[in-house]
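Architecture at a glance
Listed below, chain by chain, are the residues.
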Amino acid sequence: MTTAEIQQQIIDEFSAFDDWMDKYNLLIEMGKDTPVIDAQYKTNNHLISGCQSRVWLHASFTDNKVFFTADSDAIITKGIVNLLIRVLSGQSPDTILAADMGFLDQIGLKEHLSPTRSNGLLSMIKQMKMYAQVFKLKMA
Amino acid sequence: MTTAEIQQQIIDEFSAFDDWMDKYNLLIEMGKDTPVIDAQYKTNNHLISGCQSRVWLHASFTDNKVFFTADSDAIITKGIVNLLIRVLSGQSPDTILAADMGFLDQIGLKEHLSPTRSNGLLSMIKQMKMYAQVFKLKMA
Amino acid sequence: MSHHIDLEDIRSEFPALHQLVYNKPLVYLDNAATTQKPTSVIKRMFQYYEQENSNIHRGVHHLSQQATEAFEAARAYVANLIHAQYAHEVIFTRGATEAINLVASSLGELLLQTNDSVLVTAMEHHSNFVPWQQLCKRKNAHLLTLPFSREGELDLEEYAALLAKNPKIVAFTHISNTLGTINPIREMIGMAHEKGIPVLIDGAQSIAHKAVDVQDLDCDFFVFSAHKAYGPMGAGVLYGKQKWLDQMPPYQYGGEMVDKVSISQTSFNVLPFKFEAGTPDVAAVLGMETALRFISDVGYDWIGNHEHQLVDYATTELSQIADIRFFGQSAHKASVVSFLVGQIHPFDLGTLLDKMGVAVRTGHHCAQPVMDFYGIHGTVRASFALYNTIEEVDVFVSAVKKAVRMLS
Amino acid sequence: MSHHIDLEDIRSEFPALHQLVYNKPLVYLDNAATTQKPTSVIKRMFQYYEQENSNIHRGVHHLSQQATEAFEAARAYVANLIHAQYAHEVIFTRGATEAINLVASSLGELLLQTNDSVLVTAMEHHSNFVPWQQLCKRKNAHLLTLPFSREGELDLEEYAALLAKNPKIVAFTHISNTLGTINPIREMIGMAHEKGIPVLIDGAQSIAHKAVDVQDLDCDFFVFSAHKAYGPMGAGVLYGKQKWLDQMPPYQYGGEMVDKVSISQTSFNVLPFKFEAGTPDVAAVLGMETALRFISDVGYDWIGNHEHQLVDYATTELSQIADIRFFGQSAHKASVVSFLVGQIHPFDLGTLLDKMGVAVRTGHHCAQPVMDFYGIHGTVRASFALYNTIEEVDVFVSAVKKAVRMLS
Ligand SMILES: Cc1ncc(COP(=O)(O)O)c(C=O)c1O
Ligand SMILES: Cc1ncc(COP(=O)(O)O)c(C=O)c1O
């Protein structure tokens, strides 16, 4: 699936609910599901600095595709992290670099992407794109 | 004359004019008239610290009465200084200590007595009373 | 306001309280971070800028005179409110943080030598911790830290033991912004004074809640910010005893604090101007005066009673939640409730409360040593002001319950 | 505002201008001390306190988010207006004085050793003179002072000679608040940079009058206060190049500037937060943004032209007065006219002008070295803003004439 298709899928899943509570319940469920990062990577080295909830991110590169795993100590953050991984993990560096994460806005989670939000999600997207950039340079 | 009588005299002189200009013209004339302080007293020692216009004050004590001379480099300040001297010079320490300078308000010069006014007049009155206090202690 | 105080009347004076957040009525419980402002304060600043604005102190013109008089009258009002001996013992600053930095830098310069020490507590806000820590670092001096109990109380015996090490300066908070503890400052100041040590009290969390009499307390310095006491941002107070302020070197240079300048040297102005460099924020100072008058009109007794009710009720109601842990359970507590529920991250709880219109603060509250003590990363903190209601506590508690259900 | 600018429209936006002083219409010519504020600025602050007030940066709740976003958007706006490379090169301060003290303390700590020197000019405001003088005193370093000519101009040859002494820091004003001189800062910065010396520009008197492009000027630091540029008191800007700000130690401690604190040590936050200790004045910063937008809307070209007309006209008209002496007669002059008439004391002249509704400043204008140079105690200073009119200049000039008649 293309990132656009995955994003549409997520939008459809969320559009079943009008209510913020149902949306957050779904997000929380997704947070519980997150394929957890390998314990060896849950170190300060893999920590994304955000103010309050901590996010760990790991990336690997196989068959010219970037694979991400991540974790967070806050479950809502983890839910959103999971969405980002669903969209970007397993994609090529170029696709990741070009990806627009606007779907978070469409499912009503825009405020979590504010640079001033204390959860480091914007830094996480930056970090994912940085990895993609590094792997792209390696390929060249 | 008592200080009250002198104050009344000054109020009468000023009440001839409604207009601020005439009042200030009178004040300026009075500034020109000031019995100037003896040159030997025009030193930093006799300077009253005010922000902008400098005021020098000298006091002497004869026959249980306090005599003031003063000068200022600003003529309006000098005019008001002259009024203060007219009221307080030649009076007994107790009279000076008890004197209320409210007449300045009645002749429309109240703002010059504000503690925040940059002309040191309030400090001058304080200093005059301080001298009176010192001479009073000497008498005792 | 007279003796009969109507909470609805009070609330009607705070425009910011009457708004919807995500279509829910705002329940504002982040008052320890900053309070909302009554209309009188907002209007005072509005009026200043519409009619009175001018730079002060050096102007002979009418607007400048008038603004200077209003500014100095505000100083006299503050001095009177906190019972300072002289108005010139009240220095206007940008806020509590600037006031503490001023004292740490200037009194530190005056008193601290290599190997000396400064005593603070482990419950300080960073603003009353880091300036002293860094001062000690610069001076090769030692920072002594008085720990607190699990309930959030300072131990006066340990305090005495640390005072025995002869610190040159003691600084601690009147009320903890994280734990809510009201410290026994009068006793603690007395103990320090027995050894001749000057004491700075961080009143950032107390001025909105408790009457302060600096002469009765006999503290050497007392600082607070207007914005935590219904006043504007940008204004705060450093009260200092004249005998200290007179000896201390200036902190910042320029503007009214200068007396005479020549190319080779400078002499400084008298108190309070010596410590007020640059153009002061006249509007904010007038707003602060109005805010303190507002507090006075409501009355510290009424405020104390009312807020006490709110905290007690909130604590009782929250206690029904399984696995809730409170941080700060002193018998002497001001209007702060810090807590965690089970393994739930404070960020998650705060996010869901926000969605329900309830504004609380989550995180370390700029008091990381407190978090380290409990081995946690943060708490959820609800803090109350005089305008909060029992009904708001109900909304808050049921929002917490709902969020906990969602997150469990 | 579009290309066609109507002065009456502009004036109607400034409520404070429309008042009587002693029953005379106010003619406000004390703009170099502080300007009046347009309604948009006053309203912006009003709206902030009525609807948006919150502490920023650490809150997850809606109001805090919103206030943080507005605050950071203001930073981006300022960065864009002065052409900073990065928004985090814009540090919000209390004003120009605080910004200069910050740099003197922090850059001074980084660069200055015993026997080093700092170069300033003899026309600086005390706020850009005394901090460097006192820094040099603390560090046993030398303060070099570049003199100016009787016309009020700096001599670039003398400047080159002083640069040859290898000062570690150079600091001077863009526009003199007393003489009105617009200094050739671009050239002067270039000359210092040839020797690798960082330059601080005091823009307190320029931001309201001239467009500033810090990258084109290539200055290392640029400071200004909002209140002299139609904005509120309590807000100012320190622009600094990232390379310097990154190296400089923090100035004040507490609040958002802290990253991690433990009892034994502290690490600091990244730019710009590293230099913003304590709760910032969010309302004033938003007011400042609105004021700068107002200036932008009117346009620096229009402002420059208009104010030039006012100064020229005022100077020509005043020249008719016998025995008038002007201080500051540079060919490159901003909207300041400083003068004395015969032996008349500036206080007398200022007092009588005030009675006629004309607000000017009298005294040494916090630039005593300038007064020393001319051997005087003070001047009368009229300073113009974009809202002043030719008719006001007429009122001012005839008031001066009348006062001179009265005092002669
Ligand atoms: C106990 C305490 N001290 C100091 C401060 C700092 O106050 P400000 O940020 O207004 O300078 C705070 C504010 O959070 C506080 O709670
Ligand atoms: C040239 C110059 N620099 C610095 C300042 C200080 O500005 P502030 O008092 O707003 O800090 C002024 C203000 O008078 C000034 O004119």
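Residues numbered from 1 in each chain as written. Chains lettered and ligands numbered in written order. Predicted model: local features only at pLDDT ≥ 70, side-chain atom pairs only at ≥ 80, totals over all residues. Heavy atoms only, no water.

Here we come to the overall build of chain A. Within chain A, the regular secondary structure consists of 6 helices and 3 strands. Reading chain A from its N end, one meets helices and strands in the order α-α-β-β-β-α-α-α-α. In summary, chain A has a C-alpha radius of gyration of 14 Å against a globular reference of 14 Å for 140 residues, a match within 12%. Summarising its shape, the C-alpha atoms of chain A cover approximately 45 × 30 × 25 Å along the three principal directions. Considering only contacts in chain A between residues 6 or more positions apart, those separated by 24 or more positions represent 61%. Here chain A displays about 6,500 Å² of accessible surface, and carbon together with sulfur accounts for 51% of that area. Charged side chains in chain A number 13 positive and 16 negative. The centres of these two groups are separated by 8 Å. (Helix = DSSP H or I, 4+ residues; strand = E, 2+ residues; numbered from the N terminus. Rg over C-alpha atoms; globule rule 2.2 N^0.38 Å. Contact = heavy atoms within 4.5 Å. Areas by Shrake-Rupley, 256 points an atom, 1.4 Å probe, with all protein chains shown as cover. Lys, Arg positive; Asp, Glu negative; His and termini not counted. Charge placed at Lys NZ, Arg CZ, Asp CG, Glu CD.)

Close to ligand 1 lie 14 residues, the nearest being Thr97, Asp202, Ser225 and Lys228 of chain C together with Thr279 of chain D. The separation between a nitrogen atom of ligand 1 and a polar side-chain atom of aspartate 202 of chain C is 2.5 Å. Within the complex, 94% of the 390 Å² of free accessible area of ligand 1 lies under protein. A molecule is said to occupy a pocket when more than half its atoms come within 2 Å of that pocket's grid points, and by this definition ligand 1 occupies the largest cavity. A per-class count over the shell around ligand 1 returns 2 nonpolar, 10 polar and 2 charged. (Near = heavy atom within 4 Å. Polar contact = N/O pair within 3.5 Å; in protein donor to acceptor, adjacent residues only side chain to side chain. 1 Å grid on protein atoms, 1.4 Å probe; cavity = no way out; pocket = protein on both sides within 12 Å on 5 of 7 lines; lining within 4 Å. Sits in = over half its atoms within 2 Å of the grid points. Nonpolar A, V, L, I, M, F, W, Y, C, P; charged D, E, K, R; others polar.)

The next point concerns the site of ligand 2. Taken together, 14 residues form the shell around ligand 2, and within it Thr279 of chain C together with Thr97, Asp202, Ser225 and Lys228 of chain D come nearest. Interatomic distance of 2.6 Å between a side-chain N/O atom of threonine 97 of chain D and an oxygen atom of ligand 2. Here a nitrogen atom of ligand 2 sits 2.5 Å away from a polar atom, N or O, in the side chain of aspartate 202 of chain D. When ligand 2 is considered free in solution it has 390 Å² of accessible area, and contact with the protein chains removes 94% of it. Along the lines of polarity and charge, the residues of the shell around ligand 2 split into 2 nonpolar, 10 polar and 2 charged.

Among the 5 residues of strand β9 (residues 221-225) of chain C, 5 are classified as buried, and the element is accordingly described as predominantly covered. Taking every second residue as pointing to the same face, both faces of β9 of chain C are buried, with Phe221, Val223 and Ser225 of chain C on one and Phe222 and Phe224 of chain C on the other. (Buried < 20%, exposed > 50% of the residue type's maximum accessible area, 1.4 Å probe, protein only.)

Okay, the interface of chain D and chain C next. Between chain D and chain C, the residue contacts involve 86 residues of the former and 86 residues of the latter. Contact between chain D and chain C buries roughly 6,900 Å² in total, counting both sides, with carbon and sulfur atoms accounting for 56%. Area buried by chain D at its contact with chain C is led by Tyr49, Met233 and Tyr253 of chain D, which between them contribute 11% of it. At the boundary of chain D and chain C, one finds 2 salt bridges. Along the contact surface separating chain D from chain C lie 40 residue pairs in polar contact (both at pLDDT 80 or more). Taken together, the residues of the side of chain D that touches chain C break down into 37 nonpolar, 36 polar and 13 charged. (Buried area = accessible area lost by both parts, 1.4 Å probe. Salt bridge = Lys/Arg side-chain N within 4 Å of Asp/Glu carboxyl O.)

Below, the discussion takes up the packing of aromatic side chains. For the structure shown, the criterion picks out 40 aromatic pairs over all chains. Between tyrosine 131 of chain A and phenylalanine 135 of chain A, the ring centres sit 6.2 Å apart and the planes meet at 15°, which makes this aromatic pair stacked. Highlighted residues: tyrosine 131 of chain A and phenylalanine 135 of chain A, both in helix α6 (residues 121-139), separated by 4 residues, approximately one helical turn. We classify phenylalanine 135 of chain A as buried; its relative accessible area is 8%. Its guanidinium or amino end placed over the ring of tryptophan 56 of chain A, lysine 42 of chain A lies 4.9 Å from that ring's centre, counting from NZ or CZ. The ring of tyrosine 22 of chain C has lysine 355 of chain C sitting right over it, with the charged end atom 4.1 Å from the ring centre. (Phe/Tyr/Trp six-rings, centres within 6.5 Å; stacked < 30°, edge-to-face > 60°. Lys NZ or Arg CZ within 6 Å of the ring centre and 35° of its normal.)

Of note, the amide linkage connecting leucine 271 of chain C to proline 272 of chain C takes the cis form, showing an omega dihedral of -5°. In this structure, proline 272 of chain C sits in the loop between β12 (266-268) and α10 (282-298). Despite not being glycine, aspartate 63 of chain A has its phi angle at roughly 50°, a positive value. If you trace the backbone, aspartate 63 of chain A turns up in the loop between β2 (55-62) and β3 (65-72). Despite not being glycine, histidine 83 of chain C shows a phi value in the positive range, around 60°. Along the chain, histidine 83 of chain C turns up in the loop between α3 (62-81) and β4 (90-93).

Residues and elements named next belong to chain C. Pairing is mixed in the open sheet, where 7 strands are placed in the order β4-β10-β9-β8-β7-β5-β6. Unpaired on one side and paired on the other, β4 and β6 (142-146) mark the two borders of the sheet. Looking at each pair of strands side by side, their axes are set apart by 20° on average, direction ignored. (Pairing = 2+ DSSP bridges. Axes fitted to C-alpha atoms, helices over the stretch in contact; angles between N-to-C directions.)

If you walk through the whole model with that rule in mind, you get 40 salt bridges over all chains. Put simply, lysine 136 of chain B and aspartate 94 of chain B hold a salt bridge, and the shortest N to O gap is 3.1 Å. Of this pair, lysine 136 of chain B sits in helix α6 (residues 121-139) while aspartate 94 of chain B sits in helix α4 (residues 93-98), and the two are 42 residues apart along the sequence. Looking at lysine 136 of chain B, the relative accessible area reads 33%, which means it is partly exposed. On the accessibility criterion, aspartate 94 of chain B (46% relative accessible area) is partly exposed. Between aspartate 220 of chain D and lysine 241 of chain D there is a salt bridge, and its shortest N-O distance comes to 3.3 Å. Pair noted here: aspartate 220 of chain D is in the loop between α8 (214-217) and β9 (221-225) and lysine 241 of chain D is in the loop between β10 (236-240) and α9 (242-247), with a separation of 21 residues, a long-range link. The residues aspartate 220 of chain D and lysine 241 of chain D share a single accessibility class, namely buried. Taken together, the shared-partner salt bridges connect Lys42, Asp71 and Lys78 of chain A into one network.

A few words now on the relation of the copies chain D and chain C. With an axial shift of 0.0 Å and an RMSD of 0.0 Å, the rotation relating chain D to chain C amounts to 180°. Both copies of the chain, as the preceding transformation shows, are related through a two-fold rotation axis. Taking C-alpha positions as reference, the residue of chain D nearest the rotation axis is glycine 234 of chain D, located at 3.0 Å. Residue by residue, 100% of the interface of chain D is reproduced at the interface of chain C, so both copies engage with the same surface. (Least-squares fit on C-alpha atoms with pLDDT ≥ 70 in both.)

Inspection of the secondary structure puts glutamine 368 of chain C in helix α13 (residues 368-374). A distance of 3.3 Å separates the side chain of glutamine 368 of chain C from the side chain of histidine 364 of chain C, its partner in a polar contact. Once you skip the residues sitting within four places of it in the chain, glutamine 368 of chain C turns out to touch His126 of chain C together with Asp259, Lys260 and Val261 of chain D.

Let us now look at the arrangement of the chains. Once contacts are tallied for each of the 5 pairs of chains in contact, the highest total is for chains C and D. Nothing in chain A touches chain B; the tightest C-alpha to C-alpha distance between them is still 45 Å.

Take a negative patch on the surface next. Residues and elements named next belong to chain C. Taken together, the side chains of Asp6, Glu8, Asp9, Glu391 and Asp394 define an acidic patch exposed on the protein surface. When contributions to the negative patch are tallied by element, the ones reaching two or more residues are α1 (7-12) and α14 (390-407). Tracing the backbone shows glutamate 391 in helix α14. (Patch = residues over 30% accessible without salt bridge, like charges linked within 9 Å, V, L, I, M, F, W, Y side chains within 5 Å.)

Quick look at the environment of valine 311 of chain D now. For valine 311 of chain D, the location among the structural elements is in helix α11 (residues 300-318). Discounting chain neighbours no more than four positions away, the residues touching valine 311 of chain D are Ala334, Ser335, Val336, Val337 and Phe384 of chain D.

Time to look at the nonpolar core. Within the largest apolar cluster, 172 residues are counted, with the highest numbers of intra-cluster contacts made by Tyr159 and Tyr230 of chain C together with Tyr159 and Tyr230 of chain D. Core analysis: the next-biggest nonpolar cluster, separate from the first, contains 73 residues, Ala277 of chain C together with Leu107, Val130 and Tyr253 of chain D among them. (Core = buried A, V, L, I, M, F, W, Y, C linked by side-chain atoms within 4.5 Å.)

For the rest of this paragraph, the subject is empty space enclosed by the protein. Residue and element names in this part refer to chain C. Evaluation of the coordinates by the stated rule reveals 6 cavities of 30 Å³ or more. Its boundaries defined by the atoms lining it, the largest cavity holds a volume of some 540 Å³. Those elements that provide at least two residues to the lining of the largest cavity are α4 (96-111) and β16 (361-363). Counting residues per element, the lining of the largest cavity draws most heavily on α4, at 4 residues. Broken down by class, the residue content of the lining of the largest cavity amounts to 11 nonpolar, 21 polar and 8 charged. (Points joined across faces, edges and corners; volume = space filled by probe spheres on them.)

Turning to the interface of chain A and chain D, a few remarks are in order. Contact with chain A, which involves 7 residues of that partner, is made by 8 residues of chain D. Taking both sides of the interface into account, the surface hidden between chain A and chain D amounts to around 610 Å²; carbon and sulfur atoms contribute 43%. At the junction of chain A with chain D, the criterion picks out 0 salt bridges. Inspection of the region where chain A meets chain D yields 0 residue pairs in polar contact (both at pLDDT 80 or more). Split into classes, the residues belonging to the side of chain A that touches chain D amount to 1 nonpolar, 4 polar and 2 charged.

Geometry only, nothing functional implied.
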